[in-house]
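The primary structure of each chain is shown beneath.
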Amino acid sequence: MADTKVLEKEEVGVVDTIDNSTESIILYKGIKHDNVKELKSNLNRLGFGNLKVDLVFGDFTEQKVKMFQSYYGLEVTGVADLPTLDKIEELLNSPYQLHKSHDKLIPLKQKLNWIGYGNIKVTNYFGEVTDRQVKKFQKDYNLPVNGILDDLTIAKIDETLSDIYKPGNEHEVIAELKRNLNRLGFKGIKVSDSYGSFLEKRVKEFQSFYGLPVTGQANYETLNEINDILNSPLQIGKRHKDTIILKETLFTLGYGYVKNTNKFGKATEKEVKRFQRDYDLPESGIADKVTLSKIREAINFNEKVSYIQYPVTLDEALELQMNAYPQISDSVKSFSKNAEKTDVAVYLNPITFINDKKQKFQFLNLSKAQVVGQDVLNKFLDDKGNLMDLGTAFIEAGVSSNVNELFLVSLALIETNNGSSILAKGIPVNNKGEITFVKAEVNGKKRVEPGVTDETVKVVYNILGMNDNLIHNIDESAKKAFEENWDTPQKAIIGGAELVKDKFLGSYNTFYDMRWQPKTMSESGELGGVVSKDIDWASKQVSPIYNLYQELDSYHLYLDIPVYKDQPEVKYKRS
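Residues numbered from 1 in each chain as written. Predicted model: local features only at pLDDT ≥ 70, side-chain atom pairs only at ≥ 80, totals over all residues. Heavy atoms only, no water.

## Observations regarding the confidence of the model for the chain
Regions with low pLDDT should not have their predicted coordinates read in detail. Looking at the chain as a whole, its pLDDT mean stands at 92, while 95% of the residues score no less than 70. Considering only residues more than four positions removed or in separate chains, one finds that residues 1–14, a stretch of pLDDT under 50, has 34 contacts. Contacts from residues 18–22, a stretch scored under 50 in pLDDT, to residues over four places away or in other chains number nine contacts. (pLDDT = per-residue confidence, 0-100. Contact = heavy atoms within 4.5 Å.)

## Points about helix 20 (residues 489–505)
Where helix 20 is concerned, the buried positions are P489, A492, I493, G495, G496, A497, L499, V500, K501 and L505. Summarising the contacts, the buried residues of helix 20 are in contact with helix 16 (391–401), helix 17 (405–415), helix 19 (474–483) and helix 21 (511–516). G506 sits one or two positions beyond helix 20 and adopts a positive phi of about 60°. (Buried < 20%, exposed > 50% of the residue type's maximum accessible area, 1.4 Å probe, protein only. Helix = DSSP H or I, 4+ residues; strand = E, 2+ residues; numbered from the N terminus.)

## A look at the side chain of E225
Tracing the sequence through the fold places E225 in helix 9 (residues 220–230). On the basis of relative accessible area, E225 is assigned to the buried category, the value being 10%.

## Re the side chain of S401
Residue position: S401 is located in helix 16. For S401, a relative accessible area of 7% puts it in the buried group. With near-sequence residues (within four places) excluded, S401 lies in contact with I494, A497, E498 and K501.

## Some points on helix 4 (residues 105–114)
Most of helix 4 is tucked away: seven of the ten residues are buried. Among the residues of helix 4, those classed as buried are L105, L108, K109, Q110, K111, L112 and W114. Close packing links the buried residues of helix 4 with helix 5 (128–140), helix 6 (151–164) and helix 9. Positioned one or two residues after helix 4, G116 has a phi angle of 105°, which is positive.

## Considerations on a negative patch on the surface
Together, E434, D454, E455 and D475 make up a region of like negative charge exposed at the surface. Its location among the elements puts D475 in helix 19. On the basis of relative accessibility, which here comes to 47%, the residue D475 falls in the partly exposed class. (Patch = residues over 30% accessible without salt bridge, like charges linked within 9 Å, V, L, I, M, F, W, Y side chains within 5 Å. Areas by Shrake-Rupley, 256 points an atom, 1.4 Å probe, with all protein chains shown as cover. Salt bridge = Lys/Arg side-chain N within 4 Å of Asp/Glu carboxyl O. Lys, Arg positive; Asp, Glu negative; His and termini not counted. Charge placed at Lys NZ, Arg CZ, Asp CG, Glu CD.)

## Considering the packing of aromatic side chains
What the rule picks out here adds up to 25 aromatic pairs. Both rings, one in F186 and one in F206, keep their centres 5.4 Å apart while their planes meet at 70°; by these two values the pair is edge-to-face. Here F186 is found in the loop between helix 7 (174–183) and helix 8 (197–209), whereas its partner F206 is found in helix 8, with 20 residues between them in sequence. Residue F186 is classed as buried on the basis of its relative accessible area, which comes to 6%. On the accessibility criterion, F206 (0% relative accessible area) is buried. For the pair F407 and F504, a centre-to-centre distance of 5.6 Å together with 45° between the ring planes defines the contact as tilted. Of the two residues, F407 sits in helix 17 while F504 sits in helix 20, which places them 97 residues apart along the sequence. The exposure class assigned to F407 is buried, which follows from its relative accessible area of 3%. Residue F504 is classed as partly exposed on the basis of its relative accessible area of 33%. Three or more aromatic residues joined by ring pairs form one cluster here, namely F301, F361, Y546, Y549 and Y555. (Phe/Tyr/Trp six-rings, centres within 6.5 Å; stacked < 30°, edge-to-face > 60°.)

## Considering the packing of helix 17 against helix 20
The contact between helix 17 and helix 20 brings their axes to 11 Å, and the two run at 95°. Viewed along their axes, helix 17 and helix 20 adopt a mutual orientation that is roughly perpendicular. Residues F407, L408 and L411 of helix 17 form the contact with helix 20, whose own contacting residues are A497, V500, F504 and L505. Partitioned by chemical class, the residues of the contact of helix 17 with helix 20 number seven nonpolar, no polar and no charged. (Axes fitted to C-alpha atoms, helices over the stretch in contact; angles between N-to-C directions. Parallel < 35°, antiparallel > 145°, perpendicular 65-115°, else oblique. Nonpolar A, V, L, I, M, F, W, Y, C, P; charged D, E, K, R; others polar.)

Spelled out as structure tokens, the structure:
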């Protein structure tokens, strides 16, 4: 807009001379004043220039004043009135110009870099490089070349940013966007200057993943998110104090030992990528905010998987199972019938269930204790009647008997009706371990119920409902509690856990193991006494403990997944 060739030629004629002592003055064509000299100098500075800096306000000066007024939306009079002079002063005092500082310069510099006016160090200081690039941008887009980031220059930068990063466009900076997305794990993008449909797809995926508006257009928010991730200190080649914590946490989660220094090296990148792969995150190897959030979640809800190799093939195992006449329930006709081989194959194959959020609990290692903290467990038991505050007892029982304490809790909830039954409240018994009864009246009706009498010698508990015959019988449970001297809930839990281990679990660690017995098939080539012939028995067992896990604030989930000989690769997907 500024004329770079023609110099001012003022009209020859009579001019008004004004008292130079006046501090504030409106300047117009035909006057002569010291302030005219300042006006011309300022207009030159603001890109409305090539004015000869003297005291005379001539035709060329009037023309430049009109251009200035038109550009900034002022009334076009050619007179340097107060609004015009105020606007000039505002621009000259802008914080967005050479050798000044302002925090809002940071996003402005980023935008200039992203639209191809780059190599600007992104700080709040306006230096020589920024000045040079702003002037180049203004010249390229036919704006007044003054190096000041005024409102109209900023608006043009925003418009340019929007025009460049949208489908169907071509620009050299688009190639950098593609390289960055590939680097961040949104891969497969061919690097070129074109913004095609596949790039649009990847941009949408990125926006969706990081919670941005999904437009497919790489706007400021999208580019800024990319920039923030790429500048993370938690990536290869960088050092940061948080790298130490990151390494420790990954190791706790089972992601290899890495030398615990503040350097983020190749080994750390490898483990971060492995974590990202396991949790369906983009494999960038950068510990960005989403990855860190997932790591924090994982440490609270930790899943550790062990693969148990068996030397029997899946086909061989299937033949052994068919020899035991497996059954399938007919829910419509309410009876069982011999199962078809194809149905048995589905329930026998671990791959059917390993990535099912609920059914993977068939592989829960019930012999693995210390899966939850005392505070977490007590919080869960807070509204479970007489089980309240017994978290410590369940944990102690789990450790001493090698039983998952949450499995013990799930049994207790079932047997005691969430802590409300007599098994948890206390059973009065005589010296033979028989329940003593009293007459009572409830709602006008007389009945006999357990109670303390002259024959009562003690009150016992059987939180887990255990007895020698493993049947749901209160008399049997009371007698067992008396024989074992379970006269406190704590004793009942710890003692009952030993019976759970010996009589319920035995040598089996999972529901799957109990039903299908892969170890027995591998070692003896035959089946032992199966817990049930129902092919979906293991599947039916998971609901109570699965539901319990879902109510906890944190836990460790230990899974033992069987792998048969020649079985297709097992790929466990962490949830």
